[in-house]
Amino acid sequence: MTDNLYFFMVAVTIFFSFSIFLAILIFAIKYRRRSPDEVPPQFHGPPALELAWTLGPLVIVMIMFAWGAHVYFAVSTPPENALQIYGVGKQWMWKLQHMEGQREINELHIPVGVPVKVTLTSEDVIHSFFVPDFRTKSDVLPGRYTTVWFEATKPGRYHLFCAEYCGTRHSGMTGWIYAMEPHDYQAWLSGGASEGSMAAGGQKLFQDLGCASCHLPDGRGRAPSLVGVFGSAVKLANGSTVKADEAYIRESILQPNTKIAAGFQPIMPTFQGLVTEEGVTQLIEYVRSLGQPQAAAPGAAASTETKAPPAARPQPDAK
Ligand code: CUA
């Protein structure tokens, strides 16, 4: 898709460069000065010719614009069913984590024929996640989530680079993406020693950090219940509404007083420095696992109740 647009633009460029050089050559010979005092006659072209050389290029560049916009929107909109991966860039490595809990460093295993969405952030400075073979690149910024998505069509090993100068060992911040047949990928997933899914990791953090003592699932706590929050529109104390996406949840953990949910006091302490970027993504996955927003129906309360994992209740820890 990206390649076809690229080849089209290269072809247009070559065609016009060649035509212009050819015209210069022909005209230089055909209309060369034949006597020292020769003055060429003034020439007024017909309006049709003027229109043609104005509208022709306009049509060509509008094709490039529309085509480019189409490619841009396709590249920047991950499909709904994309496989979710979280990535954190740091000086100087890529840390990647699968929903099932597998962690990788400078390596990412993915199935072929499945769209993969990588949500990225940085622990320190700006990096850039660049996979030339997938024609995709995205800056990775501290304090913000960016996403890239791609779909590998052939099994194989593909280069992963950091494309933003990020310090001494920037050039060493490379890795490999292994695209595997889906059944190989499943085998790989079940083979690695995993410490449980990301949501389970997030659930443990939710207990360990004490979140669970205020965010009670029945909504009677000092803080809002997080059941069914992910993806919903949250009413804020200042009257505005915000979509509970990854960025909102991250902000609510690290700068909890920036956006206060309507009906609640700004009493939540910040967890800046207490939880890593990877921990934040696990917490986000835990909140996501608590359910997506549901239409308010008589039975809705009961169905969200069953979705709330039992461990949302405080549990005594052996440690
Ligand atoms: Cu990270 Cu360059």
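Structure: see above.
Now for a look at the structure at hand. (Residues numbered from 1 in each chain as written. Predicted model: local features only at pLDDT ≥ 70, side-chain atom pairs only at ≥ 80, totals over all residues. Heavy atoms only, no water.)

1. Side note on the overall build of the protein chain
Each helix and strand counted, the protein chain has seven helices and 12 strands in total. Taken over C-alpha atoms, the radius of gyration comes to 28 Å for the protein chain, far larger than the 20 Å a tight globule of 319 residues would show. Viewed in the frame of its principal axes, the protein chain has a C-alpha envelope of about 105 × 50 × 40 Å. For the protein chain, the residues scored as buried account for 36% of the 319 residues in total. A separation threshold of at least 6 residues defines the contact pool for the protein chain, and within that pool the share at least 24 residues apart is 64%. With the model as given, the accessible surface of the protein chain reaches about 19000 Å², and the carbon-plus-sulfur share is 63%. Measuring between centres, the 25 positive side-chain charges of the protein chain sit 3 Å from its 27 negative side-chain charges. (Helix = DSSP H or I, 4+ residues; strand = E, 2+ residues; numbered from the N terminus. Rg over C-alpha atoms; globule rule 2.2 N^0.38 Å. Buried < 20%, exposed > 50% of the residue type's maximum accessible area, 1.4 Å probe, protein only. Contact = heavy atoms within 4.5 Å. Areas by Shrake-Rupley, 256 points an atom, 1.4 Å probe, with all protein chains shown as cover. Lys, Arg positive; Asp, Glu negative; His and termini not counted. Charge placed at Lys NZ, Arg CZ, Asp CG, Glu CD.)

2. Some details on a nonpolar patch on the surface
Residues Leu51, Leu55, Leu58, Val61, Met62 and Phe65 make up a contiguous nonpolar surface patch of about 590 Å² in total accessible area. Residue placement: Leu55 occurs in helix H2 (residues 47-76). (Patch = residues over 30% accessible without salt bridge, like charges linked within 9 Å, V, L, I, M, F, W, Y side chains within 5 Å. Salt bridge = Lys/Arg side-chain N within 4 Å of Asp/Glu carboxyl O.)

3. Examining the sheet that holds strand E9 (residues 156-162)
In space, the five strands of this open sheet follow the order E4-E10-E9-E6-E7, with mixed pairing throughout. Of all the strands in the sheet, just strand E4 (107-111) and strand E7 (136-140) have a single pairing partner and so form its edges. Strand-to-strand, the axes of this sheet are offset by a mean angle of 20°, without reference to chain direction. Contacts between helix H3 (residues 182-191) and the sheet are confined to E4 and strand E10 (175-180), with E4 contributing the most and set at about 130° to the helix. (Pairing = 2+ DSSP bridges. Axes fitted to C-alpha atoms, helices over the stretch in contact; angles between N-to-C directions.)

4. Examining the sheet that holds strand E1 (residues 83-90)
Pairing between the strands of a sheet is mediated by backbone hydrogen bonds and can be parallel or antiparallel. One open sheet accounts for five strands, arranged E3-E2-E1-E5-E8; its pairing is mixed. In this open sheet, the two strands that pair with only one neighbour each are strand E3 (103-105) and strand E8 (146-150). Strand-to-strand twist across the sheet, computed as the mean angle between neighbouring axes with direction ignored, equals 25°. The pairing of strand E5 (residues 116-122) with E8 spans five bridges and is classified as antiparallel. When the bridges of E8 are listed, Thr119 appears paired with Thr147.

5. Some thoughts on the pairing of E1
For E1, a buried count of six out of eight residues is recorded, marking the element as mostly surrounded by other parts of the structure. Direction of pairing for E1 relative to E5: parallel, over a ladder of seven bridges. Bridge pairing in E5 links Val88 to Thr121. Pairing of E1 with strand E2 (residues 93-98) involves six bridges; the strand directions are antiparallel. Its bridge partner being in E2, Lys90 is matched across the sheet by Met93. Counting the residues between successive antiparallel strands, the hairpin from E1 to E2 contains two residues.

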